[in-house]
Amino acid sequence: MQQRFKPRNLFLEAGYGPNFADQLILNAYHQLFEGDPVDERICFDASDDMSYIIDIGHDDIRSEGMSYGMFITALTDHPKMFQKLWNFARRYLYNADGPHKGYFSWQVSTTEFSMMDPGAAPDGEEYFAMALLIAAKRFNRPDYHEDALRLINDIKYKPVNELVGPMINPENNLIKFSPVLGNEFTDPSYHTVAFYRAFAEATGDNTWIDVAKSSLEYLKKAAHPVTALFPDYSEYDGRPKAMPWFPESNNFSGDAWRVALNLSLDYALFRGDECEKEICTRQLNYFNDRRPYLSDYSVDGGPYPREGRSATPGLIAMNAASAQVLSNESGLMESFVTDLANLAVPIRFWRYYDGMLYLLGLLACSGKIEF
């Protein structure tokens, strides 16, 4: 078993009281999972034993949000809600047959819960698997462990058919943007390095450690040498990649906000590689020097192709989470954690993505992401 380190409570280190983080998490969970259905909550019941999370801004249900919800409910000890989300995911998102068998649809309709696209987005599978492993331990549910093992095996070893293959490219050990054949590029935020170490332990398959190492080598190249900003999508060699249906995807925006969480989480739990500390520190210094900073930039720090948004709760939360790599002596960590502490729980139209990242940031900064 790999050595683990105890994650820090950055709120405590920044001078907040011992119960401060717990109250923030409790408030956020209550509002997003149980609050007013018009302006606050993102989680709704499909039946007595099934619940789903809506991307309010796009009016759909995504494997991203469902898996984040399960990850969050596992870490906050809500076994009933965890089971309800998992019931819904297996009933409406899971491909039980066909070329996508074993994977979850990334997008489901909010009306009749039909699959809008049966294809998978690999970050959903990664978070589903990690959530199941956490819940198996916390809730004493060996069936969750078995579900996780099946999914982890498919992520890496699903046999290639006429349309779909494994999510890990077997030639370079990197997570693909999509397992649909022909999608030979990646999304930097899909490289959940700490999860790969957990997958190795759960399965006894040490090739997952090779995946973690390959991801770190890739992320070193994908981080801009000056700003340390990542693009939303990139080639396997780290070069930013623009797609016809998303011409801004070679810039730093919504997906790329999450990379620093992945790097800092691996560093906090496993001390994975000093490059994780270096990249996160460089990126945080970049933002700190540009206060009030924006949410969208070109990777070299220039302007985004469209008007960049002011810093969103999602990015503020991810920056605070990445401060896990910093000492508490420079003042930089305290500055970003204070930004997060001063936020209100996201509401209204864009509360789904900002709300999910806000809760993940709270859990990371309070030292509650452990597995």
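Throughout what follows, the structure given in this document is the object of discussion. (Residues numbered from 1 in each chain as written. Predicted model: local features only at pLDDT ≥ 70, side-chain atom pairs only at ≥ 80, totals over all residues. Heavy atoms only, no water.)

### Observations concerning the sheet that holds strand 1 (residues 43-47)
Note the cut-off: Strand pairing is assigned whenever DSSP identifies at least 2 bridges connecting the two strands. Put simply, DSSP H or I for four residues or longer makes a helix, DSSP E for two residues or longer makes a strand, and each gets a number counted from the N terminus. Axis angles are defined between N-to-C directions and span 0 to 180 degrees, where every axis is a line fitted to C-alpha atoms and, for a helix, only to the segment in contact. Contacts are assigned to residue pairs that have any heavy atoms within 4.5 Å of one another.
Reading across the sheet, the five strands line up as 1-2-3-4-5 and stay open at both edges, with antiparallel pairing between neighbours. If you trace the sheet from one side to the other, it starts and ends with strand 1 and strand 5 (115-117), each paired once. The mean angle between the axes of side-by-side strands here comes to 45°, regardless of whether they run parallel or antiparallel. Bridge analysis of strand 3 (residues 60-62) against strand 4 (residues 107-109) gives three bridges, and the strand direction is antiparallel. Following the sheet pairing, I61 is matched in strand 4 by V108. Those strands touched by helix 4 (residues 79-93) are strand 1, strand 2 (50-55), strand 3, strand 4 and strand 5, and its axis lies near 75° from that of strand 2.

### Focus: the nonpolar core
The following threshold applies: Working definition of a nonpolar core: buried Ala, Val, Leu, Ile, Met, Phe, Trp, Tyr and Cys residues. They are joined through side-chain atoms within 4.5 Å. In this scheme, a residue with accessible area under 20% of its type's maximum is buried, one over 50% is exposed, and one in between is partly exposed, where area comes from a 1.4 Å probe on protein chains only.
Counting 135 residues, the largest nonpolar core has F33, M66, F71 and F371 as its most contacted members. Element by element, the count of residues in this core is highest for helix 13 (residues 351-365), at 11 residues. Among all residues touching F371, those that are not within four sequence positions of it are R4, M130, I134, K137, A194, F195, A198, L265, L269 and F270.

### Here we look at the packing of helix 10 (residues 274-288) against helix 12 (residues 332-341)
Which entries qualify depends on this criterion: Oblique is the label for any angle not under 35 degrees, not over 145, and not in the 65 to 115 range, which are roughly parallel, roughly antiparallel and roughly perpendicular in turn. Crossings are sorted by hand: turned counterclockwise from the far helix by less than a right angle, the near helix makes the crossing left-handed, and turned clockwise it makes it right-handed. Note that Gly is not counted as nonpolar here; it falls among the polar residues with everything else outside the nonpolar set of Ala, Val, Leu, Ile, Met, Phe, Trp, Tyr, Cys and Pro and the charged set of Asp, Glu, Lys and Arg.
Where helix 10 contacts helix 12, the two axes come as close as 11 Å, and the packing angle between them is 65°. With respect to their mutual orientation, helix 10 and helix 12 come out roughly perpendicular. In terms of crossing hand, the pair formed by helix 10 and helix 12 is left-handed. Contacts between helix 10 and helix 12 involve L284, N285, F287 and N288 from the first element and L332, S335 and F336 from the second. Split into classes, the residues belonging to the contact of helix 10 with helix 12 amount to four nonpolar, three polar and no charged.

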